[in-house]
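# Working through the structure, step by step
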Amino acid sequence: MYLNDLGILYNQIILPRKKKFNQPVRSDSAGIRFATPEIVAQYRARRLKCRKLADISCGIGGQTIFFAKECEMVYAIEIDPKKIEYAKENCRQYGVDNVEFICADALSKDAIDQIPEVDIIFSDPARPATEDKRNIMNLEPAIPNVIAAYSHKTHDFAFEAPPQLTPEKIPFDCEREYLSLDGKLNRLTLYFGNLKRSDRSAVALPTGARINSDEKKIRLPEVNEPGSYAYEPEPSVIKADLLDQLIEEMQKQGTDVKWMDIDKKRILLTSDIHTQHPMIKNHYIVMHTTDMDTKNINTFLKKYDVESVILRAGVEPANYWPIRNEIENGLTGTRKVHIFVKDNKAIICEPV
Ligand SMILES: C[S@@+](CC[C@H](N)C(=O)[O-])C[C@H]1O[C@@H](n2cnc3c(N)ncnc32)[C@H](O)[C@@H]1O
């Protein structure tokens, strides 16, 4: 337990320097779990740089800190008194002092009255702890209520939403920006008013690569057999439904890239000439395509000096290791391969 300089007793967790933040931050376990990772907070703060911004559900301040570094003045509202104390301390730890903290329900008259006209209202709302399927209307505070309550302060709003939601599940006139971090889908941010730049967009961090949707919807040809190379796109591109545009960009660079639906969860791009793009997270050389016959695959892998296999297939979890063990049986080589399975065909790929 920890007593701060205001005399408030905390169940304190001091987090060492590690992935989410570069400096130690104070939080309870829920606060840190839902806090925005520093690299994402920095990216978003740069995109939302303005004079005055209100972060109306600030939690432990993970995002607020970086708004304060980019904006002249930040107003931070939080309903939970413990979390707002953590937010104050975390802002202090990061050396920012241009934040006015308000502990209140962001939708209450008291809180709204304390916020002046601002350039941008941002909210990263709480999500229900248990929910079978994420629903954009179940966030707290709810997006339509925030817009109704604050539309006399600004028309430029940004909200964080659950990234599992596909673009058509967002029934608002806004930009849906899917962000992946280190190759994994991490955030969805919705931008309203003048902040909207396109219907959908995809960003990949740490590179900062970005794709925006065009008005026109194109469908580029799908193939069933891979070429000599295969590529895994960033998940933010897939979630934002921007694969066509990624392929078009890659084709403009001079390589004939096609796409292959592997299974419900996986998509590969493929070409005969090796190419690169910052929205590609993994590159492979296609070694062989064959029937999904574990014995034959094992014989092939022994011949080509393979040591281990990562099976990238839509198999039942209970079947994953039995199949993988059969494929890897007796391998003594040095190479590591990934096997994608499409329509009962195994596509054996080596990372390049
Ligand atoms: C996902 S967390 C915010 C995390 C924060 N962006 C960060 O990086 O640390 C959502 C926060 O919204 C707060 N909240 C929920 N309803 C609220 C309301 N009506 N007014 C103000 N805050 C609210 C919750 O207490 C919670 O701390």
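Residues numbered from 1 in each chain as written. Predicted model: local features only at pLDDT ≥ 70, side-chain atom pairs only at ≥ 80, totals over all residues.

## Observations regarding the overall build of the protein
What counts, and what does not: What counts as a helix is a DSSP run of H or I of at least four residues, what counts as a strand is a run of E of at least two, and both are numbered from the N terminus. With C-beta atoms placed from the backbone, a residue is buried if 20 or more other C-beta atoms are within 10 Å of its own, exposed if 12 or fewer are, and partly exposed between those counts. Throughout, a pair of residues is in contact if the C-beta atoms placed from their backbones lie within 7 Å.
Counting its regular elements, the protein contains 10 helices and 20 strands. Once the C-alpha set of the protein is aligned to its principal axes, its extents read approximately 70 × 50 × 35 Å. Taken across its 352 residues, the protein has 37% of its residues classed as buried. Excluding contacts between residues fewer than 6 apart, the proportion of contacts in the protein whose partners are at least 24 apart in sequence is 65%.

## A look at the sheet that holds strand 16 (residues 267-271)
Strand pairing in a sheet relies on backbone hydrogen bonds, with the paired strands running either antiparallel or parallel. Quick reminder of the rule: Two strands are said to pair when DSSP picks up at least two bridges between them. To get an axis, a line is fitted to the C-alpha atoms, and for a helix only the part in contact is used. The angle between two axes follows their N-to-C directions and goes from 0 to 180 degrees.
Pairing is mixed across the open sheet formed by seven strands, whose spatial order is 15-16-14-17-20-19-18. Of all the strands in the sheet, just strand 15 (258-261) and strand 18 (306-312) have a single pairing partner and so form its edges. For this sheet, the mean angle separating the axes of adjacent strands, direction not counted, is 35°. Bridge count for strand 19 (residues 335-342) against strand 20 (residues 345-351) is five bridges, and the pairing is antiparallel. What sits directly across from Phe340, in strand 20, is Ile347.

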